[in-house]
Amino acid sequence: MTITKSQLSLSRETRKKMVPYLLIAPVVIYYSMFWLFPVINAVSESFKNVDGVWTFSNYIHIFKDPVFYTALSNTAFLVIFSVTIEFLLAFGLALLINKKFKGSSIFLFLAMIPMALPAVAVGAMWSSGLATRGWLNSFLMTFGFIDDASKFLFLAGGKMSTLWLIIIIDAWTVIPFVMIILLAGLQGIGEDVREAGAIFGGTKFQILRKITIPMLKPTITTAMILRIISAIQIWLIIVMLFGFNRLPVLLEQVVLNYDQLGAEYFERIGLALSVLVAIIVSAAAILYLKVSGSFEKEEKENG
Amino acid sequence: MATLELVDLAKRFSKKVWGVKKMDLEVNEKEFIVLLGPSGCGKTTTMRMIAGLEEVTRGTILLDGNDITDIPSRNRGISMVFQNYAIWPHMSVYENIAFSLKLKKMPAAEIKQRVQETADMVKIGELLKRLPGQLSGGQQQRVALARALAVRPRLFLMDEPLSNLDAKLRVIMRTELKAIHQKTEATSIFVTHDQSEAMSMADRIVIMKDGVIVQIGTPDDVYFRSANMFVAGFIGTPPSNFFTVKCIYNNDKIALEHSQFTLDLDPKGFEELKEYNGKEIVIGARPEDLLVVPDSEAVFTEEILVVEPQGSHQVVALNLSETIVKMIVSAEAKVKPGDNIGLNFNRKRLHFFNKETEDRIHLKNEVE
Amino acid sequence: MANVLKRQIRRSAKKTSLYIILVGIACIIIFPVFFLFSFSFMSDYETYSEWPKPLVPSFKAHFMIDKDVEGYHLFIFNKSEDDFMPFGPLVFTNNEKDVDNLRKFIKLQSNCKISSQQIVEYLEVVDSDSRVEFTIRKDLLANYILFFQVVNGAPKAVLNSLMVAGATILISLTIGGMGGYAFARYFFKGKNILKLSVLFVRMFPAVSLAIPMVIILAKMGLYDQPLGLSLVYSVGQISMSIWITASVFMSIPVSLEEAAMIFGTTKVGAFWHITLPLALPGLAACAMYSFIGSWNEVIAAVVLTQFNPTFPVIVYKALVGSQGQINLITAGSVAQAVPAIIFTLIIRKYIIQMWGGVKV
Ligand SMILES: Nc1ncnc2c1ncn2[C@@H]1O[C@H](COP(=O)(O)OP(=O)(O)O)[C@@H](O)[C@H]1O
Ligand SMILES: [Mg+2]
C-alpha cells in the first residue's frame, strides 16, 4: 500500500520534471529539422565538388583567393571597430537617458526607427545621401558650408575612408538597438542599488565600475553576442553603396558567389565560405564569452 | 471545519538543501495555528506543501483524516493568502474574489451575494469595481483576504500576510484577522517570523528552526516553558538573558556559580538540578524576572549602561562580564545610566538549560 | 542663499544639456530618414537636374512655353539656377502626336498632370501673345504609383511578404513562447547553456542556411512558397522570441499562477486565465519584432523565391539592378519602411519591458 503510493508520487514528480523538457522539445525539434539538418547539409556539400566527389577543392579555392584575405581583414576591421564604438556610445547614451524625462516615450520611438528601417531602405537612404550629388552635399551647399568645388566625395574615397564610412552608417543603424537593450537592463537594476552605493560613499565612476557594470553583465553579454553575430554578417549596406567586390567582406563574398556568379561551381564556393563565416562568428562569440568571463558564471550557476 | 495532520513531512530541494526535514503536527478543528521561526527555517515550504504547490519528498498530509498528499491544489478545499498578495492585476476586485466561485459554477446571484458579503467583512465593500493597481497596500491585502475567505475553505493558509504592511496597520489587521477567525471558525495556519504577532494571535504556536519543529505549545507554553535556549531567546522582547553557571550541590544547598555572582537555591523545588552537580548549566531569565532590589538583598550589583524608555515600562541594559543583560523596570523607577543597582532573580520563573544540548531541564513544579 | 541659487543653476544647466544632447541625437536619427522620405516625393527633374538638390519636395512646378521660328519651346523653373531652363524636346509643333508626347514627358519628368487640351490652349495663347507661364500642382504620390506599376508584381510581393510575416509570427511565437516559458518558470539541467546556444543559432548566415534549404523545401513542396520562407526566418526569430518571451514571463510573478491553482484551476487554466492576459502586451511586442525581422529580410528571400518574391526582394533588385531613378527606389524603400515604422510605434511602449526592464 505504502509502496504503491510512493511510486505514484514519484511518477507524478517525474512527470512534473518533464514539463520544461516538453516545452523545450519543439524548439529542439525545429532546430534539428530546419537548422541542424541544413547546416550539416551545407557543411558536407561544401566538401564536395560539382560531381559530388569529396574534396577540399572548394576551401583550397577560397584560401588561394587573395580576395578572401581582403574580405577577412576588412570584416575584422569593421567588427572590431564598429562593435566597440557602438557599444561605448550606446552605453554612454543609455546611462545618460536612464531617467524619466519629458518626452522619453517619443525619444524611444525615434531611437527605434533605425532598427525598424529595412536594410534596403537604409541602403537607398545612404546611397542617395552620400552620392557626390546626394542630399548630404546638397544640404551642406544649401546652407553654405561648402561650395560646388569643395563637395565631398564620400563614396569615391580610399579603402580606409570607405571602411569608416561603413562603420559610421552601421553605428547609426544599430546604436539605438544596443542602447535599448542596455537601457532595459539598467532599468532592471533599479535606482536603489546605485543609491545604496552612493550612500556608502562611492563616486559616480566607482558605482559604475563596481555596481552597475557587474550587475549589467548578463545584458551586456546578450547585446554583445547579438552584435558580434550580426556585425560579422554585414554586407547588404556595402553592396548597396559600393556594389560587389569594391569593398569585399565575408558575407558579401558568400552572396556574390552564390547568387551573382550563377554557376554551381561558385555556389559550392559560397557554401564553403559560409561555413567559414559560421566558424568565425562562433569563434568570435566564444572568444568574447571567454574573455568576458561569462562562461565561469554559467558554470557556477549550474554547479 | 477541518482537522489537519502532518505525518513525517519532509521536503528536499536538492542534495544538500532541505526545505523541511521533518514535520509532525496535528491541527484541531477551528484552531488558529501559527508557524513561527526565523526566515529560512521552512515555514513557507511547509505551507506550500499543505497547499499542494510543492511536491512532498516524504510523508503524508491528512485533511479530515483523508490523505491529500497527491491531490492537486484546486481539489484540496483550502485557500491561501500570499505574502505578496498575488491578486491578479488584470481583474477587478470583484473578479478576483469571484474567480473561484465562477470556476465552481456557482449561480451568478449567489456569487454576487457571497462576494459582497465577504468584501463587507474585510471592509472593501465599496472597492469592488476597482482594479488592484488603484488600491493601497492595505486594501490589496484585504482583497487577498476576501478572495481567500469567499471560498469558505476547510483550511485557511496565510503566509506572512501582514509583513508588507506598515507597523500600525499590521497591529490593526492582527485584531481584525482574529475577529474574522472567531466569526468564520475556519481552521487556520498563519506563518510569521514576528514573535509578537504569533503570541498575540495563536491558539498554539509551532516554533521551527532549520526545517524541524522545536516546540509546539500555547503562547504561555512557549513563553514560560520554552523547550530550549533557542525558543527562550526567540520569544519575548527583549529576549531572555542567559547566564552560564556552575552547579554546586552540597550541604543540601544548590549554589549556581557565575563568574560575577553566586545564586543560592533552596533544593526544594529544584531537585532536578542536583544531577548537574559539578557541571555547567545555563540560566535563562526573562527581562521581567530580573528584579531591582536593595543592595542587601542583591545577588549582584552592576552599573547601568543604557536606559530605553518604552512608555509603559523601561528597558535597562547592563554590561555583565562582556554580555549585555536586559531587564524591564516600571515606568516610574528612577534609573539613569551610570547608576549602580542591586539585582536579584525571580527564582520561580527561571529557566534552566542543559549546556550541551541546550534543552530545557524540566522541573516538577513549574509555573502553570 | 547664493548656494541655493548656484545649485539651481547647476541643476537647470544639467537638465538643459541633457535635452540638448537628446535633441542632437534625435536630429542625427531623423536627418537621413527625412531625406529618404523627401526624395520619395520628388520628381525626376528635381532629383537630377537641380544642384544642389532641393531639401524638401516642391508641391508644384512652374513652366513656360515660348515660340520662335523653329517652333515651340518648353521651359521649367529650376530653383537652383533661379531661372527657367529648357525642358523636354527642344522643339515641338502643335500636332496631336507632339502634344501628347509633351504631356507624357511632363508627367514622367516632373510628376505634373496636364491634359493635351490644356496644352493646346496654352499654345494658342503663345501664338497670339508672345509666351505663356503656368503652374501645375505636383502629384506627390506619383513615385509610389509608378513604383507599383513599373516594378513587376509589386502588389503581389506585398501580399507574399505579409503572408511570410504572418506565418513567421505564428511559428516563432508559439515555439519560442513555449521555450521562453520553460526558461522563465523552470529549473532544469543545462538551462543556461541552452539559452545561450539558441542565440548561437544565428551564427550561421541566413543566406547560407537558405542554400541547403532550397533542396529541403523543394522536397516538402514549399520552395518559392511564403510558408517555406517563413520556416527559414523562424530559425532566427525563434531564438529571439525565446529571449524576449522569457523576460516577459519572468516579469509576471509565479505566485499569480499559484493563486489561480489554489483557487480552483489547473496549471493550464492558470496560464490561460492569468499569465496569458498579463503577458499579452509583451507577446504582441514580440510578434511585432518578428514581423519587422521577416518583413525586412532580403537575401534569404532572394535565394528561396523565384516567381513569388517578397517585397524587399523587388525593392532590392530595383536598387541593385537599376542605377539611378533614386526617387523611384526611395519610394519603394519608404513603402517598405512605413509598415515597419508603424509597428515600431505600436510596440514602443513594450519594448523596454520586452528586454527585461520596466515600461518607460
Ligand atoms: N524553490 C527552492 N529551491 C531551493 N531551495 C529552496 C526553495 N525554496 C526554499 N528553499 C530553501 O529552503 C529553506 C526554507 O525556505 P522557506 O520555507 O522559504 O523558509 P521561510 O519561509 O521559513 O523563510 C531555505 O533554506 C531556502 O533557501
Ligand atoms: Mg517565507
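Look above for the structure.
What counts, and at which threshold
Going along each chain's sequence as written, the residues are numbered from 1 onward. Written order decides the labels, with chains lettered from A and ligands numbered from 1. Per-residue local features of the predicted model are confined to residues with pLDDT of at least 70, and side-chain atom pairs are confined, for both listing and counting, to 80 or more; whole-chain, interface and lining totals are unaffected and use all residues. Side-chain measures here rest on the full set of heavy atoms in the structure, leaving out hydrogens and waters. Each helix is a run of H or I in the DSSP string that is no shorter than four residues. Each strand is a run of E no shorter than two, and both are numbered from the N terminus. To get the radius of gyration, use the C-alpha atoms; to get the globule rule, take the number of residues to the power 0.38 and multiply by 2.2 Å. Note on contacts: a residue pair qualifies if any of its non-hydrogen atoms lie within 4.5 Å across the two residues. Per-residue and other accessible areas follow the Shrake-Rupley method at a 1.4 Å probe size, with only the shown protein chains counted as cover for residues. A pair of strands is labelled paired if DSSP reports no fewer than 2 bridges between them. Axis geometry follows a simple rule: fit a line to the C-alpha atoms, using only the stretch in contact for helices, then measure angles between N-to-C directions, giving values from 0 to 180 degrees. For the exposure calls, accessible area comes from a 1.4 Å probe over protein chains only, and a residue counts as buried if that area is under 20% of its type's maximum, exposed if over 50%, partly exposed in between. A pairing counts as a salt bridge when a side-chain nitrogen of Lys or Arg comes within 4 Å of a carboxyl oxygen of Asp or Glu. Summed over both partners, the accessible surface that disappears when two parts come together, traced with a 1.4 Å probe, is what is meant by buried area. We define a polar contact as two N or O atoms separated by no more than 3.5 Å, with the added condition that, inside protein, one atom must be a possible hydrogen donor and the other a possible acceptor, whereas residues neighbouring each other in sequence contribute only through side-chain atom pairs. Residues were grouped as follows: Ala, Val, Leu, Ile, Met, Phe, Trp, Tyr, Cys and Pro as nonpolar; Asp, Glu, Lys and Arg as charged; and all remaining residues, including Gly, as polar. Between the first and last residue of a helix there are one fewer steps than residues, each counted as 1.5 Å, and that sum is the expected span. For this description, a residue counts as near a given molecule or strand if any of its non-hydrogen atoms is within 4 Å of it. Here the term patch refers to residues with relative accessible area over 30% and no salt bridge, with like charges joined within 9 Å and nonpolar side chains (Val, Leu, Ile, Met, Phe, Trp, Tyr) within 5 Å. Positive charge is attributed to Lys and Arg, negative charge to Asp and Glu, and no charge count is given to His or to the chain ends. Note that the charge is assigned to NZ on lysines, CZ on arginines, CG on aspartates and CD on glutamates.

Turning to the overall build of chain C, a few remarks are in order. For chain C, the count of helices and strands is 14 helices and four strands. Against the 2.2 N^0.38 benchmark of 21 Å for 360 residues, chain C shows a C-alpha radius of gyration of 29 Å, more extended than a compact globule. C-alpha atoms of chain C, sized along the principal axes, occupy 95 × 80 × 40 Å. Relative to all contacts within chain C whose residues are 6 or more apart in sequence, the contacts with residues 24 or more apart total 67%. Of the accessible surface of chain C, which amounts to about 15900 Å², a share of 65% is contributed by carbon and sulfur atoms.

Next up on the list: the sheet that holds strand β19 (residues 340-345) of chain B. Residues and elements named next belong to chain B. With respect to topology, five strands assemble into an open sheet ordered β15-β19-β16-β17-β18, the strand pairing being antiparallel. Two strands close off the open sheet at either side, each with one partner strand: β15 (290-293) and β18 (323-330). With strand direction ignored, the average angle separating the axes of adjacent strands in the sheet is 50°. Bridge analysis of β15 against β19 gives four bridges, and the strand direction is antiparallel. Directly across from Leu290, in β19, lies its bridge partner Phe345.

The subject of this paragraph is the environment of Asn346 of chain B. Residues and elements named next belong to chain B. Mapped onto the secondary structure, Asn346 falls in the loop between β19 and β20 (351-354). Using a relative accessible area of 25% as the deciding quantity, one classes Asn346 as partly exposed. C-alpha separation for the pair Asn346 and Leu290, spaced 56 residues apart in sequence, amounts to 6.2 Å. Not counting the four nearest positions on each side in its chain, Asn346 is found in contact with Asp289 and Leu291.

Our next topic: the pattern of salt bridges. Two side chains carrying opposite charge are able to pair once their charged atoms lie near each other. Tallied over the entire structure, the rule returns 27 salt bridges over all chains. The partner of Arg48 of chain B in a salt bridge is Glu258 of chain C, with the nearest N and O atoms 2.7 Å apart. Here the residue Arg48 of chain B occupies a position in helix α1 (residues 43-51), and Glu258 of chain C occupies one in helix α10 (residues 254-262), the pair thus bridging two chains. As far as the burial class goes, Arg48 of chain B and Glu258 of chain C line up, both buried. For Lys138 of chain C, the salt bridge identified is with Glu46 of chain C, shortest N-O distance 2.5 Å. A residue pair is termed long-range when its members are at least 10 positions apart, and Lys138 of chain C in the loop between β4 (132-137) and α5 (142-150) and Glu46 of chain C in helix α2 (residues 44-49) qualify at 92 residues. Each member of the pair Lys138 of chain C and Glu46 of chain C is classed as buried. Within the structure, one salt-bridge network assembled from shared partners comprises Asp8, Lys22, Asp24 and Arg58 of chain B.

All names here are of chain B. As summarised here, the arrangement of the five strands in space is β13-β12-β11-β14-β20, forming an open sheet in which the pairing is antiparallel. Here the strands that pair on one side only, and so sit at the sheet edges, are β13 (262-265) and β20. Neighbouring strand axes in the sheet, compared pairwise and without regard to direction, differ in orientation by 35° on average.

A word on the interface of chain B and chain C. Contact with chain B, which involves 22 residues of that partner, is made by 15 residues of chain C. Between chain B and chain C, a total of about 1600 Å² is buried, with carbon and sulfur atoms accounting for 74% of that surface. For chain B, the biggest contributors to the area lost against chain C are Arg74, Trp88 and His90 of chain B; these three give 32% of the whole. Here chain B and chain C share one salt bridge between them. In this structure, the connection of chain B to chain C is made through five residue pairs in polar contact (both at pLDDT 80 or more). Among the secondary structure elements, those contributing two or more residues to the side of chain B that touches chain C are α1, β6 (78-81), α2 (93-103) and α4 (137-150) of chain B. By residue class, the composition of the side of chain B that touches chain C is 14 nonpolar, five polar and three charged.

Moving on to unusual backbone geometry. All names here are of chain B. Residue Pro238 is reached from Thr237 by a cis peptide bond, and omega for that bond is -15°. Within the chain, Asp8 stands out as a residue other than glycine whose phi angle is a positive 50°. Looking at where Asp8 falls in the secondary structure, it is placed in strand β1 (residues 4-12). You can call Asp8 partly exposed: its relative accessible area is 24%. In the Ramachandran plot, Arg152 falls in the positive-phi region, its phi being about 50° despite a non-glycine side chain.

The next thing to look at is helix α5 (residues 119-130) of chain A. Residue and element names in this part refer to chain A. The end-to-end C-alpha distance of α5, which contains twelve residues, comes to 16 Å, matching closely the 16 Å that a straight helix rising 1.5 Å per residue would cover. Across the twelve residues that make up α5, a large majority, eleven, are buried. Along α5, the residues that are buried comprise Val120, Ala121, Val122, Gly123, Ala124, Met125, Trp126, Ser127, Ser128, Gly129 and Leu130.

For the rest of this paragraph, the subject is the site of ligand 1. All names here are of chain B. The environment of ligand 1 is formed by Phe13, Val17, Gly19, Ser39, Gly40, Cys41, Gly42, Lys43, Thr44 and Thr45. A distance of 3.2 Å is found between an oxygen atom of ligand 1 and a backbone nitrogen or oxygen belonging to Cys41. Protein chains bury 58% of the 560 Å² of accessible surface belonging to ligand 1 in isolation. Per element, the largest residue contribution to the shell around ligand 1 is three residues, and it comes from α1. Residue classes in the shell around ligand 1 are distributed as three nonpolar, six polar and one charged.

All names here are of chain B. Of all the five residues making up strand β3 (residues 32-36), five are buried; the element is thus mostly covered by neighbouring parts of the structure. Neither face of β3 is open: one carries Phe32, Val34 and Leu36, the other Ile33 and Leu35, and all of them are buried. Here β3 runs beside strand β8 (residues 187-192); their pairing, made up of five bridges, is parallel. Bridging from a neighbouring strand, Phe32 pairs with Ser188 of β8. One ladder, built from four bridges, connects β3 with strand β9 (residues 204-209); its direction is parallel. The residue bridging Val34 from the neighbouring strand is Ile205, located in β9.

The subject of this paragraph is the environment of Lys253 of chain B. All names here are of chain B. Structurally, Lys253 can be placed in strand β12 (residues 253-257). Classification of Lys253 as partly exposed rests on a relative accessible area of 47%. Residues Lys253 and Leu265, spaced twelve residues apart in sequence, show a C-alpha to C-alpha distance of 6.6 Å. In contact with Lys253, not counting residues within four places along its chain, are Ile248, Asp264, Leu265 and Pro267.

Among the surface-exposed residues, Lys99 and Lys204 of chain A together with Lys6, Arg7, Arg10, Arg11 and Lys14 of chain C lie close enough to one another that they form a single positively charged patch. With five residues, the single largest contributor to the positive patch is helix α1 (residues 2-40) of chain C. Inspection of the secondary structure puts Lys14 of chain C in helix α1. On the basis of relative accessible area, Lys14 of chain C is assigned to the exposed category, the value being 56%.

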